[in-house]
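# What the coordinates show
Chain by chain, the residues:
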Amino acid sequence: MTHNPFDSLPEVDEPTTRRLHARLVSTATQEGLLDIAYRTLDSPVGPLLLATTTTGLIRVAFERQDHNATLTSLATLISPRVLHAPAKLDPVARQLDEYFAGTRHHFDLPLDFRLSKGFRRAVLTHLPAIHYGTTESYAQVATAAGSPKAVRAVGSACATNPLPLIVPCHRVVRSDGSYGQYAGGETAKHTLLTLEATQAKTQQH
Amino acid sequence: MTVKPFEQVVDEHGPAVLRVCRAVVGPVDAEDAWSETFLSALRAYPDLPDDADVGAWLVTIAHRKAIDITRARARRAVPVHEVPDRPSTRGRPEDWDGDLWTALAQLPDKQRAVVAYHYVAGLPYKDIATITGGSTDAARRAAADGMKTLRATYQQGAKP
């Protein structure tokens, strides 16, 4: 007699699971237990992972940066109370959509810079001062951040920028005018700078 | 040292815990039991030891929630003049197997819990004994007795 009466039941009940997940997000929010909410967003530079704390947006990651590994790292460094809660990132998704459509030239969002410290943070704080459609060299950024000799450190600050796109590290290029590296890949950097150059020009005329 | 995001815990264990809740407290209260289980789990999750068995931990929480719900249900139960012959098995399609719950509901609480934790959650009797109290042998016997009754009553219900 090996018959198990539970075998006939479905393993996963999709509609109920979804409903329960939504209820968990809502009660967790009420109880102050949702430390990190995330979603993904399709974009011209590939799927983006967006994560926010109650302070503000804490992480934007390209697909090549591995979304799962990024979430694990957030769980380890910030808090494991992480849930997929797209609605919490609606304003971020909307502003990014507008940016890619060319209608938004700067972001107006609360940011959480906890993942970045010291000089790297000083560099990231300066980056939004580089205007849409323009670029600066790594050396210029080093000077602006208060350490003219720290050109390499500017490079690593850009490479480890936890908030690419929003904090425009793509506007930092090599002194010879070539793009240089980018967390989202050189193609993505090219796409972004071309978009911005085109939009900025259109606006001038 | 890395920590799993809680979303992954919900994704991996959510469906199994729902099955356990439905078997232990029935389809009507199962969603409350699941929600309270995962909210408590989320609260305690940062303090969970690295080597903990997450599945068994969740069933332990669900067990406590099921006891709360069963007590609350007993308090709000209202006597009726006529007991219906058979509870309705109709309802929304996602509402589980009415006949199976009817059969499960007839088991003593301890037997129903042990059957669910072993046959639905797949936990070994040693872990189940830790959750429900009592010895491993007692858990094994309660499950055997529960399954014997269940097979008789549920088979009967399934083949009229």
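Residues numbered from 1 in each chain as written. Chains lettered and ligands numbered in written order. Predicted model: local features only at pLDDT ≥ 70, side-chain atom pairs only at ≥ 80, totals over all residues. Heavy atoms only, no water.

Convention followed: UniProt positions are given in the numbering used here, feature names are shortened, and annotations may be inferred rather than shown by experiment.
Per an unreviewed UniProt entry, the recorded name for chain B is RNA polymerase RpoE-like sigma-24 subunit, and the organism is Umezawaea tangerina. UniProt, in the comment section headed Sequence similarities (unreviewed entry), describes chain B in these words: "Belongs to the sigma-70 factor family. ECF subfamily."

An unreviewed UniProt entry annotates chain A as Methylated-DNA--protein-cysteine methyltransferase of Umezawaea tangerina. According to UniProt, the comment filed for chain A under the heading Function (unreviewed entry) is "Involved in the cellular defense against the biological effects of O6-methylguanine (O6-MeG) and O4-methylthymine (O4-MeT) in DNA. Repairs the methylated nucleobase in DNA by stoichiometrically transferring the methyl group to a cysteine residue in the enzyme. This is a suicide reaction: the enzyme is irreversibly inactivated." UniProt, in its Sequence similarities (unreviewed entry) section for chain A, records the words "Belongs to the MGMT family."

## Looking at the UniProt feature "domain: RNA polymerase sigma-70 region" (unreviewed entry) in chain B
Put simply, the rule is: Where helices and strands are cited, they refer to DSSP runs of H or I of at least four residues and of E of at least two residues respectively, numbered from the N terminus.
Taken from the UniProt record, the annotation "domain: RNA polymerase sigma-70 region" (unreviewed entry) applies to residues 10-75 of chain B. Each end of residues 10-75 of chain B is marked by a C-alpha atom, and these two atoms are 31 Å apart; helix forms 86% of the span and strand 0%.

## Here's the deal with the UniProt feature "domain: RNA polymerase sigma factor 70 region 4 type" (unreviewed entry) in chain B
Here the UniProt feature "domain: RNA polymerase sigma factor 70 region 4 type" (unreviewed entry) sits at residues 99-150 of chain B. With 81% helix and 0% strand, the stretch residues 99-150 of chain B has end C-alpha atoms that lie 11 Å from each other.

## Details of the domain arrangement of chain A
Residue and element names in this part refer to chain A. Note the threshold: Residue ranges labeled as domains rest on an automatic or database domain assignment. The criterion used for residue contact is that any of the two residues' heavy atoms lie within 4.5 Å. A pairing counts as a salt bridge when a side-chain nitrogen of Lys or Arg comes within 4 Å of a carboxyl oxygen of Asp or Glu.
The domains assigned to chain A are domain 1 (7-101) and domain 2 (118-204). Each of domain 1 and domain 2 has a C-alpha centre, and the two are 27 Å apart. Contacts between the two partners involve 13 residues from domain 1 and, on the opposite side, 19 residues from domain 2. Taken together, domain 1 and domain 2 are joined by 0 salt bridges. Broken down by secondary-structure element, the contributors of at least two residues to the side of domain 1 that touches domain 2 are strand 3 (57-61) and helix 3 (90-101).

## Focus: empty space enclosed by the protein
Residue and element names in this part refer to chain B. The condition that has to hold: Here a cavity denotes grid points, spaced 1 Å and computed from the protein atoms alone, that fit a 1.4 Å probe unable to get out, and a pocket denotes an open set having protein on both sides within 12 Å along at least 5 of 7 lines; residues with an atom within 4 Å of a point are the lining. Grid points are joined across faces, edges and corners, and a volume is the space filled by probe spheres set on the points. In this classification, Asp, Glu, Lys and Arg are treated as charged, Ala, Val, Leu, Ile, Met, Phe, Trp, Tyr, Cys and Pro as nonpolar, and every other residue, Gly included, as polar.
Tallying each qualifying case throughout the model produces 2 cavities of 30 Å³ or more. Considered as a void within the structure, the second largest cavity measures approximately 30 Å³ in volume. Mapped by element, the contributors of at least two residues to the lining of the second largest cavity are helix 1 (6-44) and helix 2 (54-76). Element by element, the count of residues in the lining of the second largest cavity is highest for helix 1, at 5 residues. Among the residues making up the lining of the second largest cavity, the classes are represented as 8 nonpolar, 1 polar and no charged.

## Here we look at the interface of chain A and chain B
Where we set the bar: Buried surface area refers to the total accessible area, computed with a probe of radius 1.4 Å, that the two partners give up upon joining, counted for both partners together. Polar contact criterion, stated in full: a pair of N or O atoms within 3.5 Å, where within protein one must be able to donate a hydrogen and the other to accept it, and residues adjacent in sequence count only if both atoms are side-chain atoms.
If you look at the interface, chain A gives 32 residues, while chain B gives 37 residues. On the chain A side of the contact with chain B, F6(A), L20(A) and P80(A) bury the most area, a combined 20% of that side's loss. Remark: the boundary between chain A and chain B carries 4 salt bridges. A salt bridge links R22(B) to D13(A), with the nearest nitrogen and oxygen atoms 2.8 Å apart. Applying the counting criterion to the chain A and chain B interface returns 13 residue pairs in polar contact (both at pLDDT 80 or more). Elements supplying a minimum of two residues to the side of chain A that touches chain B: helix 1 (14-30), helix 2 (67-77) and strand 4 (82-84) of chain A. Here the side of chain A that touches chain B takes 8 residues from helix 1 of chain A, the largest share from any one element. For the side of chain A that touches chain B, the per-class residue count stands at 16 nonpolar, 10 polar and 6 charged.

## Brief notes about unusual backbone geometry
All names here are of chain A. Using the following cut-off: The buried label applies to any residue whose accessible area, calculated with a 1.4 Å probe on protein chains only, is under 20% of its type's maximum; exposed applies above 50%, and partly exposed to all values in between.
Positive phi outside glycine occurs at D66, with the angle close to 70°. Examined against the element boundaries, D66 turns out to sit in the loop between strand 3 and helix 2. For D66, a relative accessible area of 39% translates into the label partly exposed.

## A closer look at the pairing of strand 3 of chain A
Residues and elements named next belong to chain A. For the record, the criterion: Strand pairing is assigned whenever DSSP identifies at least 2 bridges connecting the two strands.
Most of strand 3 is tucked away, with 5 of its 5 residues classed as buried. Here strand 2 (residues 48-52) pairs with strand 3 via 4 bridges, running antiparallel. In the strand pairing of strand 3, A51 is matched with R59. Count of turn residues in the strand 2/strand 3 antiparallel hairpin: 4 residues.

## Re the confidence of the model for chain B
For clarity, the cut-off: Values of pLDDT, ranging from 0 to 100, describe the predictor's confidence in every residue of the model.
Averaged over every residue, the pLDDT of chain B is 87; the share at 70 or more is 83%. Mean pLDDT across the elements of chain B bottoms out in helix 3 (residues 98-105) of chain B (85) and peaks in helix 5 (residues 125-132) of chain B (96).

## Observations regarding the UniProt feature "active site" (unreviewed entry) in chain A
Per the UniProt entry, the sites bearing "active site" (unreviewed entry) are C169(A) in this numbering. Relative to the helices and strands, C169(A) is located in the loop between helix 6 (151-159) and strand 6 (172-173).

## What to know about the nonpolar core
Our working rule: We call a set of buried residues a nonpolar core when its members are Ala, Val, Leu, Ile, Met, Phe, Trp, Tyr or Cys and they connect through side-chain atoms within 4.5 Å of each other.
The biggest cluster of nonpolar side chains holds 60 residues, and the ones touching the most others in it are F6(A), L83(A), F6(B), W34(B) and Y117(B). Contributing elements (two or more residues each) for this core: helix 1 of chain A together with helix 1, helix 2, helix 3, helix 4 (109-120), helix 5 and helix 6 (136-158) of chain B. If you tally residues by element for this core, the top one is helix 1 of chain B, at 17 residues. Excluding residues within four positions of it along the chain, Y117(B) makes contact with V20(B), V24(B), V59(B), H63(B), G122(B), L123(B), I128(B), I131(B) and T132(B). Formed by 40 residues, the second largest nonpolar core is a distinct cluster that contains L57(A), V167(A), A188(A) and L195(A).

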